[in-house]
Amino acid sequence: MDTLSYKTVSANKNTVVKEWLVVDADGQALGRLASEAAKLLRGKHKPSFTPHVDCGDNVIIINAGNVKLTGNKWNDKTYIRHTGYPGGQRSLTATEMYKKDPARLVEKAVKGMLPKNKLGAEMFRNLKVYADANHGQEAQKPRTINLNDNK
């Protein structure tokens, strides 16, 4: 009697194949864009996904200035931070954050969807967000991903 034996392949830092991906945020809803970017950063789209290893790709998000928020979120959504001093809680609405730096809106959304540990911080470093279509990673020969095709 022949028994088939399968072996679960667990990726490690040396065996992971990373590539550079470009995602166009033009006209995309912020949360949907962020969740797809987080999947690409974590590597969940790869068959060799391993939860405790950074096996995701490097993601470049362009045109972050053209991202959409639905409903009244531009005025109602608030981002809270603390200065570290007593009574130092500060908050910004999505509109105020967008006026300061549109790329930070996307960065915060993606960071909130990554693991809250050292591995998540390492994955977040693989994300580059640009408010317009110009990015400085042409030398890496990034592949363009259309998020509308992933549905």
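Small disclaimer: the values here were computed from a predicted structure and weren't measured.

## As for the nonpolar core
Ranked by internal contacts, the top residues of the largest apolar core, which has 31 residues, are Val23, Leu30, Leu33, Ile61, Val106, Val110 and Leu127. Counting residues per element, the ones that place at least two in this core are β1 (20-24), α1 (30-42), β2 (58-62), α3 (94-100), α4 (102-111), α5 (118-124) and β5 (127-129). It is α1 that contributes the most residues to this core, seven residues altogether. Both domains that furnish three or more residues to this core are identified here as domain 1 (18-67 + 114-150) and domain 2 (76-101).

## Topic: the packing of aromatic side chains
Within this structure, the stated rule accounts for one aromatic pair. For the pair Trp74 and Tyr98, a centre-to-centre distance of 5.3 Å together with 75 degrees between the ring planes defines the contact as edge-to-face. Here the residue Trp74 occupies a position in helix α2 (residues 73-76), and Tyr98 occupies one in helix α3, the gap between them amounting to 24 residues. Tyr98 gets classed as partly exposed once you look at its relative accessible area, which sits at 26%. Positioned above the aromatic ring of Phe124 is the side chain of Lys111, whose terminal nitrogen or guanidinium carbon lies 5.0 Å from the ring centre.

## Topic: the packing of α1 against α4
α4 packs onto α1 with a crossing angle of 60 degrees between their chain directions and a minimal axis gap of 8 Å. Between α1 and α4, the crossing angle belongs to the class labelled oblique. Considering only the axes of α1 and α4, their crossing is right-handed. Here α1 contributes Leu30, Leu33, Ala34, Ala37, Ala38 and Leu41 to the contact with α4, which in turn contributes Leu105, Val106, Ala109 and Val110.

## Some points on the domain arrangement of the protein chain
Here the protein chain is described as being made up of domain 1 (18-67 + 114-150) and domain 2 (76-101). Here domain 1 and domain 2 have C-alpha centroids that lie 25 Å from each other.

## Notes on the pattern of salt bridges
Pairing between side chains of opposite charge can happen when their charged atoms approach one another. On inspection of all chains with the given rule, the structure shows four salt bridges. With its nearest N and O atoms 3.3 Å apart, the salt bridge here joins Lys18 to Asp54. Taken as a pair, Lys18 in the segment before β1 and Asp54 in the loop between α1 and β2 lie far apart in primary sequence, 36 residues in all.

## Quick notes on unusual backbone geometry
Backbone geometry at Asn63 places phi at a positive 60 degrees, although glycine is not the residue there. Summarising the element assignment, Asn63 is placed in the loop between β2 and α2. Although it is not a glycine, Lys141 adopts a positive phi angle of roughly 50 degrees.

## Concerning the side chain of Asn58
Mapped onto the secondary structure, Asn58 falls in strand β2. We classify Asn58 as buried; its relative accessible area is 10%. Every residue in contact with Asn58, bar those within four places of it in the chain, is listed here: Lys18, Glu19, Trp20, Leu21 and Asn126.

## Some thoughts on a positive patch on the surface
On the surface, Arg81, Arg90, Lys100, Arg104, Lys108 and Lys111 cluster together into a positively charged patch. Tallying contributions element by element places α4 first for the positive patch, with three residues. Residue position: Lys100 is located in helix α3. Taking the relative accessible area as the measure of exposure, Lys100 reaches 59% and is therefore exposed.

Calculation notes
Residues numbered from 1 in each chain as written. Predicted model: local features only at pLDDT ≥ 70, side-chain atom pairs only at ≥ 80, totals over all residues. Heavy atoms only, no water. Core = buried A, V, L, I, M, F, W, Y, C linked by side-chain atoms within 4.5 Å. Buried < 20%, exposed > 50% of the residue type's maximum accessible area, 1.4 Å probe, protein only. Helix = DSSP H or I, 4+ residues; strand = E, 2+ residues; numbered from the N terminus. Domains from an automatic or database assignment. Phe/Tyr/Trp six-rings, centres within 6.5 Å; stacked < 30°, edge-to-face > 60°. Lys NZ or Arg CZ within 6 Å of the ring centre and 35° of its normal. Axes fitted to C-alpha atoms, helices over the stretch in contact; angles between N-to-C directions. Parallel < 35°, antiparallel > 145°, perpendicular 65-115°, else oblique. Left-handed = near helix turned anticlockwise from the far one by under 90°. Contact = heavy atoms within 4.5 Å. Salt bridge = Lys/Arg side-chain N within 4 Å of Asp/Glu carboxyl O. Patch = residues over 30% accessible without salt bridge, like charges linked within 9 Å, V, L, I, M, F, W, Y side chains within 5 Å. Areas by Shrake-Rupley, 256 points an atom, 1.4 Å probe, with all protein chains shown as cover. Lys, Arg positive; Asp, Glu negative; His and termini not counted. Charge placed at Lys NZ, Arg CZ, Asp CG, Glu CD.

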